[in-house]
Amino acid sequence: MSVPPRFRSADSGEGDFRSVLGPTGNKLQRKPPGMKVEKKMTIESKEETKKPDTPASPTTTLKQCTSLCSSLLRRNSASMTASYSSDASSSCESSPLSVASSSSCKKAVRRSGGSVSSYGTSAVAARRKQVDEKDDKVGNGDCFADGRRRCAWITPKSDPCYVAFHDEEWGVLVHEDKKLFELLCLSGALAELSWTDILSRRQLLREVFMDFDPVAVSELNEKKVTAVISLLSEVKLRSILDNARQVRKIIAEYGSFKKYMWTFVSNKPTQSQFRYQRQVPVKTSKAEFISKDLVRRGFRSVSPTVIYSFMQAAGLTNDHLIGCFRYQDCCVDAETTTKAKKIERE
């Protein structure tokens, strides 16, 4: 015999509880005792047979998330591509690198889009034009009291001894052993000091090192030289003594130090014909070759950068900018000297 379903009244003396989403999370809150409670009659059998709402299947949810993520990734990728393209163009503008580096940078911009590539190229050209115009303005003779145009690194604010060195010595052909050895020693000091600082101590260095006579310097007492460490570091002072001994050996082998040095350029200075300061290198393959030979012979502090500075100062290469008034003077001097040497050989 079937038993009729029992009914349970929701009305009871016990307080009813319900969850409330508050500012600090879910909490259980008791209803005030005075509040009326709705009477609901529920059938147990129906409650038991009633099925809860089926949640969305994991596969469906995963597909929805995947499509959403794909669209977001596509948007982010597009914005990042545009950002990288603009960054590449700006790095090409501001990077003071060689022509090869600039061209590789332009290739990277070109891959990211045609319009960006054209913009990057024009931006680089505009930036380079601004730098060149600035160099021309600095080298303009109107800035100097004598109205002469000089190399861009010589300005009206430059030290007078540095300007005089540029106007009278830098780039002039040197064929004396003592002067060549002096310029080699001064160029080696560039690793620690600037040309202005070196020229200000030049007279003291001449007194200490016997006017840079390589034969006399090679016989100096090491302790006496290192006592004047205030002029140069101990490493540089000792390198001058060691190099003097090696120069003495070269003189015994070649007859003179100048003959040894000028052989590397076939007794004819290199005319560089640079227009802008950015074109002047810090070293060349020729300087690297000379440096290796000097190191092989036992010289110290003769890196390719030091040797190229020496070549510039001693006139083995004419690196005056073509707009500088000294460029043409050095060219004429080199041509006259070359002709004189040719007549002597004949």
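Residues numbered from 1 in each chain as written. Predicted model: local features only at pLDDT ≥ 70, side-chain atom pairs only at ≥ 80, totals over all residues. Heavy atoms only, no water.

S.K.: Help me understand helix α6 (residues 177-188), please; the structure alone is not making it clear to me.
M.R.: The periodicity of an α-helix, 3.6 residues per turn, causes residues three or four positions apart to be oriented the same way. The end-to-end C-alpha distance of α6, which contains 12 residues, comes to 17 Å, matching closely the 16 Å that a straight helix rising 1.5 Å per residue would cover. For α6, the buried fraction is high: 10 of the 12 residues fall into the buried class. Restricting attention to buried positions, one finds in α6 the residues Asp-177, Leu-180, Phe-181, Glu-182, Leu-183, Leu-184, Cys-185, Leu-186, Ser-187 and Gly-188. Where the residues of α6 are buried, they touch α7 (195-200), α8 (202-208), α9 (214-217), α11 (234-254), α12 (257-263) and α14 (304-314). (Helix = DSSP H or I, 4+ residues; strand = E, 2+ residues; numbered from the N terminus. Expected span 1.5 Å × (residues − 1). Buried < 20%, exposed > 50% of the residue type's maximum accessible area, 1.4 Å probe, protein only. Contact = heavy atoms within 4.5 Å.)

S.K.: Just checking my understanding: could you explain the environment of Gly-315 for this structure?
M.R.: By the element assignment, Gly-315 lies in the loop between α14 and β6 (317-318). For Gly-315, a relative accessible area of 2% gives the class buried. When the C-alpha atoms of Gly-315 and Val-174 are compared, they prove to be 6.4 Å apart, with 141 residues separating the residues in sequence. Residue contacts for Gly-315: discarding those within four places in its chain leaves Gly-171, Val-172, Leu-173, Trp-262 and Pro-269.

S.K.: What exactly am I supposed to notice about the layout of surface pockets here?
M.R.: Considered as a void within the structure, the second largest pocket measures approximately 380 Å³ in volume. In terms of lining, the second largest pocket is formed by 15 residues, of which the most central are Trp-153, Tyr-162, Trp-170, Val-280 and Gln-312. Only α5 (160-168) and α14 provide two or more residues apiece to the lining of the second largest pocket. With four residues, the single largest contributor to the lining of the second largest pocket is α14. Considered class by class, the residues forming the lining of the second largest pocket number 10 nonpolar, five polar and no charged. (1 Å grid on protein atoms, 1.4 Å probe; cavity = no way out; pocket = protein on both sides within 12 Å on 5 of 7 lines; lining within 4 Å. Points joined across faces, edges and corners; volume = space filled by probe spheres on them. Nonpolar A, V, L, I, M, F, W, Y, C, P; charged D, E, K, R; others polar.)

S.K.: Looking at this structure, I do not really get the pattern of salt bridges. What am I missing?
M.R.: Side-chain pairs of opposite charge can arise where the charged atoms are in close proximity. Tallied over the full model, the rule gives 17 salt bridges. Arg-150 is the salt-bridge partner of Asp-167, the closest N and O atoms lying 2.9 Å from each other. Of the two residues, Asp-167 sits in helix α5 while Arg-150 sits in the loop between α4 (114-138) and α5, which places them 17 residues apart along the sequence. The buried category is assigned to Arg-150, whose relative accessible area is 6%. Put simply, Glu-253 and Arg-297 hold a salt bridge, and the shortest N to O gap is 3.0 Å. A residue pair is termed long-range when its members are at least 10 positions apart, and Glu-253 in helix α11 and Arg-297 in helix α13 (residues 285-297) qualify at 44 residues. A relative accessible area of 51% places Glu-253 in the exposed class. For Arg-297, a relative accessible area of 19% corresponds to the buried category. A single network of salt bridges, built from pairs that share partners, joins Glu-169, Lys-179, Glu-182, Arg-202 and Arg-206. (Salt bridge = Lys/Arg side-chain N within 4 Å of Asp/Glu carboxyl O.)

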